[in-house]
Amino acid sequence: DTIRSLEALAQALEDAGSLREAEEMWRRSLHAHMVGHGSEPPSAVPAILGLARMLRQRGDAAGAAPLLRQALRLQQQVHGRRHQSTICTLSTLVVLLVQLNRRDDAAQLLSEQGFQSAVADVDEDEALVREAHREVIGLAAAPPDRSSEPDATQVAALGAA
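A brief structural summary. Owing to the predicted nature of the structure, the values given are computational and were not obtained by experimental measurement. Numbers given to residues run from 1 along each chain, matching the order in which its sequence is written. Local features in this predicted model are restricted to residues whose pLDDT is 70 or higher, and side-chain atom pairs enter the listing and the counts only when it is 80 or higher, whereas totals over whole chains, interfaces and linings include all residues. To get the side-chain values, all heavy atoms of the structure are used, and hydrogens and water are removed first.

1. Describing the packing of helix H3 (residues 45-57) against helix H4 (residues 61-79)
Phase 1 of the analysis: Lines fitted to the C-alpha atoms define the axes, with helices restricted to the stretch that makes contact. Angles between their N-to-C directions range from 0 to 180 degrees. A run of H or I in DSSP becomes a helix once it reaches four residues, and a run of E becomes a strand once it reaches two; helices and strands are each numbered from the N terminus. It is at 8 Å that the axes of H3 and H4 come closest, and there the two elements cross at 160 degrees. The pairing of H3 with H4 is recorded here as roughly antiparallel in orientation. For the crossing formed where H3 meets H4, the hand is left-handed. Across from Val45, Ile48, Leu49, Leu51, Ala52, Leu55 and Arg56 in H3, the residues of H4 making contact are Ala61, Gly63, Ala64, Leu67, Leu68, Gln70, Ala71, Leu74 and Gln75. Roughly parallel covers angles under 35 degrees, roughly antiparallel covers those over 145, roughly perpendicular covers 65 to 115, and oblique covers all other angles. Two helices crossing with the near one rotated counterclockwise from the far one by less than a right angle form a left-handed crossing, whereas a clockwise rotation gives a right-handed crossing. Note on contacts: a residue pair is in contact if any heavy atoms of the two residues lie within 4.5 Å.

2. Concerning the environment of Ile87
Phase 1 of the analysis: Looking at where Ile87 falls in the secondary structure, it is placed in helix H5 (residues 84-99).
Phase 2 of the analysis: On the basis of relative accessibility, which here comes to 2%, the residue Ile87 falls in the buried class.
Phase 3 of the analysis: When the C-alpha atoms of Ile87 and Gln76 are compared, they prove to be 9.3 Å apart, with eleven residues separating the residues in sequence. Remark: exposure states derive from per-residue accessible area (1.4 Å probe, protein chains only) relative to the maximum for the residue type, with buried under 20%, exposed over 50%, and partly exposed in between.

3. Side note on the nonpolar core
Phase 1 of the analysis: To define a nonpolar core, start from buried Ala, Val, Leu, Ile, Met, Phe, Trp, Tyr and Cys residues and group those joined through side-chain atoms within 4.5 Å. The biggest cluster of nonpolar side chains holds 34 residues, and the ones touching the most others in it are Ile48, Leu90, Leu93 and Leu109.
Phase 2 of the analysis: Elements that contribute at least two residues to this core include exactly helix H1 (2-15), helix H2 (19-37), H3, H4, H5 and helix H6 (103-112).
Phase 3 of the analysis: A total of eight residues in this core trace back to one element, the largest contributor, which is H4.
Phase 4 of the analysis: Discounting residues that sit within four places of it in the chain, Leu90 has contacts with Leu72, Leu109, Leu110, Gln113 and Phe115.

4. Structural notes on the pattern of salt bridges
Phase 1 of the analysis: For salt bridges, the criterion is a side-chain nitrogen of Lys or Arg within 4 Å of an Asp or Glu carboxyl oxygen. Using the criterion set out here, one finds five salt bridges in the structure.
Phase 2 of the analysis: Ionic pairing is found between Glu23 and Arg27, a salt bridge with its closest N-O pair at 2.9 Å. Of this pair, Glu23 and Arg27 both sit in helix H2, four residues apart, which is roughly one turn of the helix.
Phase 3 of the analysis: Judged by its relative accessible area of 10%, Glu23 is buried.
Phase 4 of the analysis: Take Arg27: its relative accessible area is 38%, and that puts it in the partly exposed class.
Phase 5 of the analysis: Beyond isolated ion pairs, a larger network of salt bridges with shared partners links Glu23, Arg27 and Arg58.

5. Brief notes about the environment of Ala65
Phase 1 of the analysis: Considering the arrangement of structural elements, one finds Ala65 in helix H4.
Phase 2 of the analysis: Relative accessible area serves as the criterion here: at 2%, Ala65 is assigned to the buried category.
Phase 3 of the analysis: For Ala65, the contacting residues outside a window of four places in its chain are Leu93, Leu96, Leu100 and Arg102.

6. Section: the packing of H2 against H3
Phase 1 of the analysis: For the pair H2 and H3, interaxial distance at closest approach is 9 Å and the crossing angle is 150 degrees. Comparing their axes, H3 and H2 come out roughly antiparallel. Where H2 crosses over H3, the handedness of that crossing is left-handed. Facing Leu19, Ala22, Glu23, Trp26, Arg27, Ser29, Leu30 and His33 of H2, the residues of H3 in contact are Pro46, Ala47, Ile48, Gly50, Leu51, Arg53, Met54, Leu55 and Gln57.
Phase 2 of the analysis: Counted by class, the contact of H2 with H3 contains ten nonpolar, four polar and three charged residues. Classification used: nonpolar for Ala, Val, Leu, Ile, Met, Phe, Trp, Tyr, Cys and Pro, charged for Asp, Glu, Lys and Arg, polar for all others including Gly.

7. So, unusual backbone geometry
Phase 1 of the analysis: Unlike most non-glycine residues, Asn101 shows phi in positive territory, near 60 degrees.
Phase 2 of the analysis: Its location among the elements puts Asn101 in the loop between H5 and H6.

8. Here we look at H3
Phase 1 of the analysis: Multiplying one less than the number of residues by 1.5 Å gives the expected span of a helix. When the terminal C-alpha atoms of H3 are compared, their 18 Å separation across 13 residues agrees well with the 18 Å that a helix rising 1.5 Å per residue should span.
Phase 2 of the analysis: Every buried residue of H3 is accounted for by Val45, Ala47, Ile48, Gly50, Leu51, Ala52, Met54 and Leu55.
Phase 3 of the analysis: Next to the buried residues of H3 lie H1, H2 and H4.
Phase 4 of the analysis: Directly after H3, the chain includes Gly59, whose backbone phi takes a positive value near 95 degrees.

Limitation: the analysis is restricted to geometry and does not speak to function.
So this is what it looks like as structure tokens:
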């Protein structure tokens, strides 16, 4: 698949430190997603995040912010607000907004996403960033939901049958 090849090449260039070339490959991949699947296909999230990462690494944080918002919106549509990848993108966007001195935007975004504790009387930017990361770490550390998996007794009963 051409899109996956473009993404693999972009990642390889990024890993090799060829940021300008990697950025171009992420752009091509994103364009291919949009041409083949519409203006905002969920399948484009890896390309959107890759391009945003390249822009940040190359010093264009302001250019990365709208891409992160787009990826966040698509991830919410596919996975919901509490999925680990959604929360990770949210955290990255919040940190970026704080770095861009857009603290109010970061606080509003967290509030919109239901993270009220992160915006209550925050006195310094670092506190906002720490709270966003705490949410990510908490979700990443949470055990997976296995409520629909059979327990040991059910597995044993199936084996005896």
